[in-house]
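# Topology and contacts: notes
Chain by chain, the residues:
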Number of protein chains: 2
Amino acid sequence: MSRWQPDARGRLERAALELFARQGFAETTVPEITAEAGLTTRTFFRHFADKREVLFAAEAGLPPFIAQLMAEAPAELGPYDTLTHSLETVAATRFDGLLDYLIARRAVIRSDAGLRERELRKQEVLAEAIEQGFLDRGVDEVTSALVGRMAAVVFNVSLDRWLDLGGSRTLLDLMQEHLALTRVTFAATPPAHSS
Amino acid sequence: MSRWQPDARGRLERAALELFARQGFAETTVPEITAEAGLTTRTFFRHFADKREVLFAAEAGLPPFIAQLMAEAPAELGPYDTLTHSLETVAATRFDGLLDYLIARRAVIRSDAGLRERELRKQEVLAEAIEQGFLDRGVDEVTSALVGRMAAVVFNVSLDRWLDLGGSRTLLDLMQEHLALTRVTFAATPPAHSS
DNA sequence: TAGGTGATGACATCGGATGTCATGAGGTGT
DNA sequence: ACACCTCATGACATCCGATGTCATCACCTA
């Protein structure tokens, strides 16, 4: 038999989310989490850089996944079509069965300003991955920066609304709607300053 | 004569930026900052909620200012024109003489992940102010959320590039360029999914 | 069976953050 | 002129998040 129980990391993640949801993030100490998981405080910080990170480590794979999709997209696609292609693949393949977990997690994150900051940083990492994807496709720097961040906005607003609607519409459907809505808002009026 | 030296807050802000720039954010303790400013640790935390906040308190007035501009914009303007009108006023009136300060501050923020997170939260507050401005003008919720965040993206990318270029182009000019570029990228290609 | 590897435990310490009470200058009212 | 209030700050105590260091011991490999 093993010296320790298996999946220390997963046990810490589950114990943390449960305690945060029950008694609040600030009101939960790391020793409480580790006691619940049968580990020590020091071990918690070996798995997660800080107390917040335990809520975000699970989704670390998303930025590289999007980067891979963008790299594999047909070379002839422009920035907008590369974006729709990649975002729609993500929406259609990576969020099955996570609705309840994500709703519980969002409630905890919304209850604490520090967690909200960490979430924004994770969203920025996603935006940077998309930006790098554009750069690798030869898109100029300014367009890459702008469209990378815009893509992250569409993704995050869609995910948020998907949770709001409790899954009654698909994430893919919402993302397509929001991409189209963005296009209409920015394109409907003639430019005020033409050169 | 006053019991204490005047402008405790300003003295703390200046001492903090100077120490952070000279020896790093993590390597600077709050007692060091307060010693430099001739105050105590407890007083620091009376003025700023935490050590990071001392770098951001100065720009707290921006979101309400944008909200005011949006409220005062002609009622017949659509979302896009309201946005350009307000952003361009901000760009043209609120950043004179701040270039060197903002460059020094950005260097400190970039050196520390925690400061980057705090900056992102401040940018989100700006996005939320813009979103609320749209809601108050009767724009629907989804469009308000999307365009509010898009506006913050354009603003932040422009500000960042203004600092990169050392002020050789005006912030106003850059913002107009980036608005136009966004419009072209999203509008140039026909929608992949038309209804 | 001997030694290496790697995850964990145990202990110590630093500093960020907060609660509480004391202090004393400036303002206010009578 | 006197008493009182207000409020920014000082002084002190404490909690806990975060990190460095060394010991421990199952598992793997040769």
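Residues numbered from 1 in each chain as written. Chains lettered and ligands numbered in written order. Predicted model: local features only at pLDDT ≥ 70, side-chain atom pairs only at ≥ 80, totals over all residues. Heavy atoms only, no water.

## Considering the pattern of salt bridges
Within this structure, the stated rule accounts for 38 salt bridges over all chains. In this structure, the salt-bridge partner of A:Lys122 is A:Glu53, at a minimum N-O distance of 2.7 Å. With a gap of 69 residues between them, A:Lys122 in helix H7 (residues 113-136) and A:Glu53 in the loop between helix H3 (41-47) and helix H4 (62-72) connect regions that are remote in the sequence. With relative accessibility at 26%, the residue A:Lys122 sits in the partly exposed group. Residue B:Arg116 pairs with B:Glu119 through a salt bridge whose shortest N-O separation is 2.3 Å. Placement of the pair is B:Arg116 and B:Glu119 together in helix H7 (residues 113-136), with a separation of three residues, close to one helical turn. No difference in accessibility class separates B:Arg116 from B:Glu119, as the two residues are buried. Each of A:Asp50, A:Arg52, A:Glu53, A:Arg118, A:Lys122 and B:Glu117 takes part in salt bridges that share partners, so that together they form one network. (Salt bridge = Lys/Arg side-chain N within 4 Å of Asp/Glu carboxyl O. Helix = DSSP H or I, 4+ residues; strand = E, 2+ residues; numbered from the N terminus. Buried < 20%, exposed > 50% of the residue type's maximum accessible area, 1.4 Å probe, protein only.)

## A closer look at the packing of aromatic side chains
One pass over the full model with this rule turns up ten aromatic pairs over all chains. Here B:Phe95 and B:Phe155 contribute two aromatic rings whose centre-to-centre distance is 6.0 Å and whose plane-to-plane angle is 55 degrees, an arrangement assigned as tilted. Here B:Phe95, found in the loop between helix H5 (79-93) and helix H6 (99-110), pairs with B:Phe155, found in helix H8 (residues 141-164); they are 60 residues apart in sequence, far enough to count as distant. Taking relative accessible area as the criterion, B:Phe155 reaches 2% and is therefore assigned buried. One aromatic cluster is present, built from ring pairs that chain together A:Phe44, A:Phe45 and A:Phe48. When the ring centre of B:Phe65 is taken as origin, the NZ or CZ atom of B:Arg94, which lies over that ring, is 4.5 Å away. (Phe/Tyr/Trp six-rings, centres within 6.5 Å; stacked < 30°, edge-to-face > 60°. Lys NZ or Arg CZ within 6 Å of the ring centre and 35° of its normal.)

## Considering the packing of H5(B) against helix H9 (residues 171-187) of chain B
Residue and element names in this part refer to chain B. At their nearest, the axes of H5 and H9 sit 8 Å apart, and the two run at 155 degrees to each other. As judged from the angle between their axes, H5 and H9 are roughly antiparallel. Considering the relative orientation of H5 and H9, their crossing is right-handed. Residue-level inspection shows Tyr 80, Leu 83, Thr 84, Leu 87, Glu 88, Ala 91 and Ala 92 of H5 in contact with H9, the latter providing Leu 171, Leu 172, Met 175, Gln 176, Leu 179 and Arg 183. (Axes fitted to C-alpha atoms, helices over the stretch in contact; angles between N-to-C directions. Parallel < 35°, antiparallel > 145°, perpendicular 65-115°, else oblique. Left-handed = near helix turned anticlockwise from the far one by under 90°. Contact = heavy atoms within 4.5 Å.)

## Quick look at the domain arrangement of chain A
All names here are of chain A. By domain assignment, chain A separates into domain 1 (8-55) and domain 2 (59-186). Counting residues at the interface gives eight residues for domain 1 and nine residues for domain 2. Summed over both sides, the interface between domain 1 and domain 2 buries roughly 890 Å², with carbon and sulfur atoms accounting for 60% of that surface. The largest per-residue losses of area from domain 1 upon contact with domain 2 belong to Leu 17, Arg 52 and Leu 55, which jointly make up 60% of the total buried on that side. (Domains from an automatic or database assignment. Buried area = accessible area lost by both parts, 1.4 Å probe.)

## Remarks on the environment of B:Gln123
All names here are of chain B. Within the secondary structure layout, Gln 123 lies in helix H7. The sequence separation of Gln 123 and Phe 155 amounts to 32 residues, and the corresponding C-alpha distance is 9.4 Å. Residue contacts for Gln 123: discarding those within four places in its chain leaves Arg 116, Ala 152 and Asn 156.

## As for unusual backbone geometry
In this structure, A:Asp7 is a non-glycine residue whose phi angle is positive, near 60 degrees. Counting through the fold element by element, A:Asp7 comes out in the segment before helix H1 (8-23).

## Some points on the UniProt feature "DNA-binding region" (unreviewed entry) in chain A
Using the residue numbers shown here, the UniProt feature "DNA-binding region" (unreviewed entry) corresponds to residues 29-48 of chain A. The distance separating the terminal C-alpha atoms of residues 29-48 of chain A is 14 Å; by composition the span is 75% helix and 0% strand. (UniProt positions renumbered as here; feature names shortened; annotations may be inferred.)

## Observations regarding the environment of A:Thr40
All names here are of chain A. Locating Thr 40 in the fold gives a position in the loop between helix H2 (30-37) and H3. Here Thr 40 falls in the partly exposed class, since its relative accessible area comes to 46%. When the C-alpha atoms of Thr 40 and Val 30 are compared, they prove to be 8.9 Å apart, with ten residues separating the residues in sequence.

## Brief notes about the confidence of the model for chain A
Residue and element names in this part refer to chain A. Summarising the model, chain A shows a mean pLDDT of 93, and 95% of its residues fall at 70 or more. The element-level mean pLDDT for chain A is lowest in helix H9 (residues 171-187), coming to 91, with H7 highest at 98. Confidence over residues 191-195 falls short of pLDDT 50; this stretch has four contacts with residues more than four positions distant or in other chains. (pLDDT = per-residue confidence, 0-100.)

## Here we look at the relation of the copies chain A and chain B
Mapping chain A onto chain B leaves a residual RMSD of 0.0 Å; the transformation is a rotation of 180 degrees accompanied by 0.0 Å of translation along its axis. These values place the two chain copies in the arrangement generated by a two-fold rotation axis. Counting the interface residues of chain A, we find that 100% of their copies in chain B are interface residues as well, pointing to one common contact surface. (Least-squares fit on C-alpha atoms with pLDDT ≥ 70 in both.)

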